[in-house]
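# Tertiary structure, described
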Amino acid sequence: MATFPRGCSPAVRLCQKLNRLKTLDDDMMATSLKRCLSTLDLTLLGVGGMVGSGLYVLTGTVAKDMVGPAVIISFIFAGFASLLAAFCYAEFGARIPKTGSAYMFTYVSVGEIWAFLIGWNVILENMIGGAAVARAWSGYLDSIFNHSIQNFTETHIMQWNVPFLAHYPDLLAAGILILASFFISFGVKVSSYLNHIFSVISMAVIIFILVFGFMLAEPANWSAKEGGFAPFGLSGILAGSATCFYAFVGFDVIASSSEEAKNPQKAVPIATAISLGLAAAAYILVSTVLTLMVPWHSLDPNSALADAFFRRGYSWAGIIVAIGSICAMNTVLLCNLFSLPRIVYAMADDGLFFSFFARVNPVTKVPVNAILVFGILMSTMALIFDLEALVQFLSIGTLLAYTFVAASVIVLRFQPDRISSKGTASISPNPHSETSPAPTESQTIREDSGELKQYESFSDKLQLVERQVSSEKRGPGQLKAYWEPYLGKLLGDCEPGEVVAFCVLTLIVSSVSLCIVLEFGTNQLQLPIWSFSMLLVIFILAYLLSLTLIWLHEPQSKSKTFQVPLVPLTPAASILINVFLMMKLSYLTWIRFTVWIAVGLFVYFGYGIWHSKEGKREQQPEDMAARYVVLPSGSLVETVEPVQPEGQMDTSAHDFISPTASTAEENAGKR
């Protein structure tokens, strides 16, 4: 928690406010929501969030226009990239079982302003995602009835020709969103049961597609006569991977639901792994079946699977595919409407968003206000906006959230323990023990024989110091003991975790710079070969140097909950992939993103910064000054409990309060 010395300038105080971290309570399982979700519930939520309209539409579009039958390889690459991000979400969801997903993870490790902006963008992503799926659901159902719904609306209700708006109001899409919001407001179990029903039907249809599709498979459709397996080459496969990556967006609903899970420490990592594996298998196998049933260049991008069965003479199978598609889109709708109100609730509960959305219904144990208000807003977007205009804005906020969560994993893994409001470690699994003072010239230690022996000579003292260094367990964020003689003078004066935080910032900057050079260097920027190569070498070296410096520091001890393997390499690779995908987005998407960020900053500085609960912790009365605790290392730890009468102070604090702090507390009690 940030503390403000009186001599601080207003700019420094503002920076401290913007970067203050969230303090978590000791009991991570305490919540006003209802913990009732099992591992199966979370797994089906994750599958429902990922396996939606993309399975029935995206596979055909990518196969025909970008990759060909090699769309299978594109989905493998995209699944691996999604796995790196899913690892990061799984660690945070198990370690911090609180609702809010990327917003919460960023708040406890990076800072308040960054957490608000991440949450602000995730809100928009969920609103757009839900509205876009509702429009796709309406259009798919309308196509089954030969577009009679659209024709009736345009003829008897209204139509308009306005840029970025639909040609007619989609009443069906708006209606399905309002109906889904109504069901979700009844509680998390109702939402889970509905998701179970639609997910089971969707998976049954997928199994039907695979079994019947492989029976109709013709290997000749991958032959050179039809263009071969990879007609667009490696560049097409990579471009297809960037598009296929968005098919796996949706697993973060598991982390958003961790506050309502019975055993989040085990359920969140298991559900994330199983759901991502099932989704990847579904996309890869369905793509295989689709490109083997009919030639890839003859696919219908709008309804590839149904059209493939129709062209093979099995039109009745197209009806089954249509049912599966509608059920799959229902699960995506439910997941968007499920996770969005919980992110809003988390931000409102922290004081960064309007407190009206932090109210939880005492009966259903869900944030009803957030569900209904944002369900209506989402239905309004689906009513008037065009599907293409919605989809163009999709994904940038998700990729940004993935990037910050990956960075948060590195920062938190090498961060020293923080003290919560009750004076105990708030996040780290093991408390950080203070290092003992340096030995004096005449040092007495106990030998294995049990006798005390005094070392006087310089050589004996060196042996003593070497023994202490080898047996000493350095705290998280400190330079590893092996590298202390080499880098101690250069990095020894930095606070624990400070070098790692700076390296993470350098890692992000070098990733952005590297991707800009790779994406725009030869075309838009028109760089000469020598400068293009030199910039690549500089940014790659900066990226690798940042990784190396992070690795040279001591991480936190092994936790009982799931931890991302190969830190910092895994999250760093996720950051690089996410930034590269963001560079692939159109400039109009970046313009819209900038406008939305500006609106978010207006909300934060107009409301959030003044009502933040962390800010209120800092505004304690003057008589609270005596409740600061001085640790043996000399560091100052703040406790926010009110001053109690003398003799009633928490006995646990007396175990480590220095004599100076004890005297200050006695004087405060007398006052």
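The following refers to the structure shown. (Residues numbered from 1 in each chain as written. Predicted model: local features only at pLDDT ≥ 70, side-chain atom pairs only at ≥ 80, totals over all residues. Heavy atoms only, no water.)

Per the secondary structure count, the chain includes 26 helices and four strands. Put simply, the chain has 671 residues, and 51% of those count as buried. Summed over all atoms, the accessible surface of the chain reaches about 30,400 Å², with 66% contributed by carbon and sulfur. (Helix = DSSP H or I, 4+ residues; strand = E, 2+ residues; numbered from the N terminus. Buried < 20%, exposed > 50% of the residue type's maximum accessible area, 1.4 Å probe, protein only. Areas by Shrake-Rupley, 256 points an atom, 1.4 Å probe, with all protein chains shown as cover.)

Moving on, we come to unusual backbone geometry. Along the chain, valine 567 connects to proline 568 via a cis peptide bond; the corresponding omega equals 15 degrees. Summarising the element assignment, proline 568 is placed in the loop between helix 21 (529-551) and helix 22 (569-583). Notably, serine 101 is not glycine yet its phi reads approximately 55 degrees, a positive angle. Looking at the secondary structure, you find serine 101 in the loop between helix 4 (71-95) and helix 5 (102-107). Of note, the phi angle at lysine 365 is positive, near 60 degrees, even though the residue is not glycine. Examined against the element boundaries, lysine 365 turns out to sit in the loop between helix 14 (315-349) and helix 15 (368-384).

This next bit is on the packing of helix 3 (residues 53-67) against helix 4. For any two helices packed against each other, the geometry is given by the interaxial angle and the distance between the axes. Between helix 3 and helix 4, the least distance of the axes is 10 Å, while the angle of their chain directions is 115 degrees. As the angle between them shows, helix 3 and helix 4 are arranged roughly perpendicular. Crossing of helix 3 over helix 4 shows right-handed handedness. Contacts from Thr59, Val62, Ala63 and Val67 of helix 3 reach helix 4 at Val71, Ser74 and Phe75. When its residues are assigned to classes, the contact of helix 3 with helix 4 shows five nonpolar, two polar and no charged. (Axes fitted to C-alpha atoms, helices over the stretch in contact; angles between N-to-C directions. Parallel < 35°, antiparallel > 145°, perpendicular 65-115°, else oblique. Left-handed = near helix turned anticlockwise from the far one by under 90°. Contact = heavy atoms within 4.5 Å. Nonpolar A, V, L, I, M, F, W, Y, C, P; charged D, E, K, R; others polar.)

This paragraph deals with empty space enclosed by the protein. By rolling a water-sized probe across the atoms, one finds the places where empty space is left. Scanning the entire structure with this criterion turns up two cavities of 30 Å³ or more. A volume near 50 Å³ is recorded for the largest cavity. Looking at the lining of the largest cavity, the elements with two or more residues in it are helix 2 (39-50) and helix 9 (188-215). If one sorts the elements of the lining of the largest cavity by residue count, helix 9 sits on top with four residues. (1 Å grid on protein atoms, 1.4 Å probe; cavity = no way out; pocket = protein on both sides within 12 Å on 5 of 7 lines; lining within 4 Å. Points joined across faces, edges and corners; volume = space filled by probe spheres on them.)

Attention now moves to the packing of aromatic side chains. Tallying each qualifying case throughout the model produces 38 aromatic pairs. Residues phenylalanine 353 and phenylalanine 354 carry aromatic rings whose centres are separated by 5.0 Å and whose planes lie at 40 degrees to one another, so their mutual orientation is tilted. Between arginine 135 and the ring centre of tyrosine 168, over which it is positioned, the NZ or CZ distance is 6.0 Å. Here lysine 480 stacks its cationic end above the ring of tryptophan 551, 4.5 Å away from the centre of that ring. (Phe/Tyr/Trp six-rings, centres within 6.5 Å; stacked < 30°, edge-to-face > 60°. Lys NZ or Arg CZ within 6 Å of the ring centre and 35° of its normal.)

Here the focus is the nonpolar core. Judged by nonpolar contacts, the single largest core of 151 residues is most densely connected at Tyr56, Tyr89, Phe248 and Phe353. Looking at this core, the element that brings in the most residues is helix 6 (residues 112-144), giving 17 residues. The residues contacting phenylalanine 248, other than those within four sequence positions of it, are Met50, Phe75, Ala78, Gly79, Ser82, Leu276, Ala279, Ala280, Tyr283 and Tyr402. With 13 residues, the next largest nonpolar core counts Cys36, Leu42, Val253 and Ile254 among its residues. (Core = buried A, V, L, I, M, F, W, Y, C linked by side-chain atoms within 4.5 Å.)

Evaluation of the coordinates by the stated rule reveals 12 salt bridges. In this structure, glutamate 91 and arginine 95 form a salt bridge, with 3.7 Å as the shortest nitrogen-oxygen distance. Here glutamate 91 and its partner arginine 95 are both found in helix 4, four residues apart, which amounts to about one turn of the helix. There is no split in this pair, since glutamate 91 and arginine 95 are both buried. With a closest N to O distance of 2.7 Å, arginine 413 and glutamate 91 form a salt bridge. (Salt bridge = Lys/Arg side-chain N within 4 Å of Asp/Glu carboxyl O.)

Okay, the environment of serine 531 next. Of note, serine 531 is situated in helix 21. A residue is classified by how much of its surface remains accessible, and serine 531, at 9% relative accessible area, is buried. Residues serine 531 and glycine 521, spaced 10 residues apart in sequence, show a C-alpha to C-alpha distance of 9.3 Å.

Direction vectors running N to C along helix 13 (residues 304-311) and helix 14 enclose 165 degrees, while the axes themselves pass 7 Å from each other. The pairing of helix 13 with helix 14 is recorded here as roughly antiparallel in orientation. Helix-helix and strand crossings are classified by hand; for helix 13 and helix 14 the assignment is right-handed. Facing helix 13, whose interface residues are Leu305, Ala306, Phe309 and Phe310, helix 14 presents Ser315, Ala317, Gly318 and Val321.

Tracing the sequence through the fold places arginine 135 in helix 6. A distance of 3.0 Å separates a polar side-chain atom of arginine 135 from the backbone oxygen of alanine 382. (Polar contact = N/O pair within 3.5 Å; in protein donor to acceptor, adjacent residues only side chain to side chain.)

With respect to the helices, strands and loops of the structure, glutamate 259 is situated in the loop between helix 11 (252-256) and helix 12 (264-293). For the buried glutamate 259, no salt bridge is present, and the opposite-charge side chain at shortest range is lysine 98, 4.5 Å distant. (Lys, Arg positive; Asp, Glu negative; His and termini not counted.)

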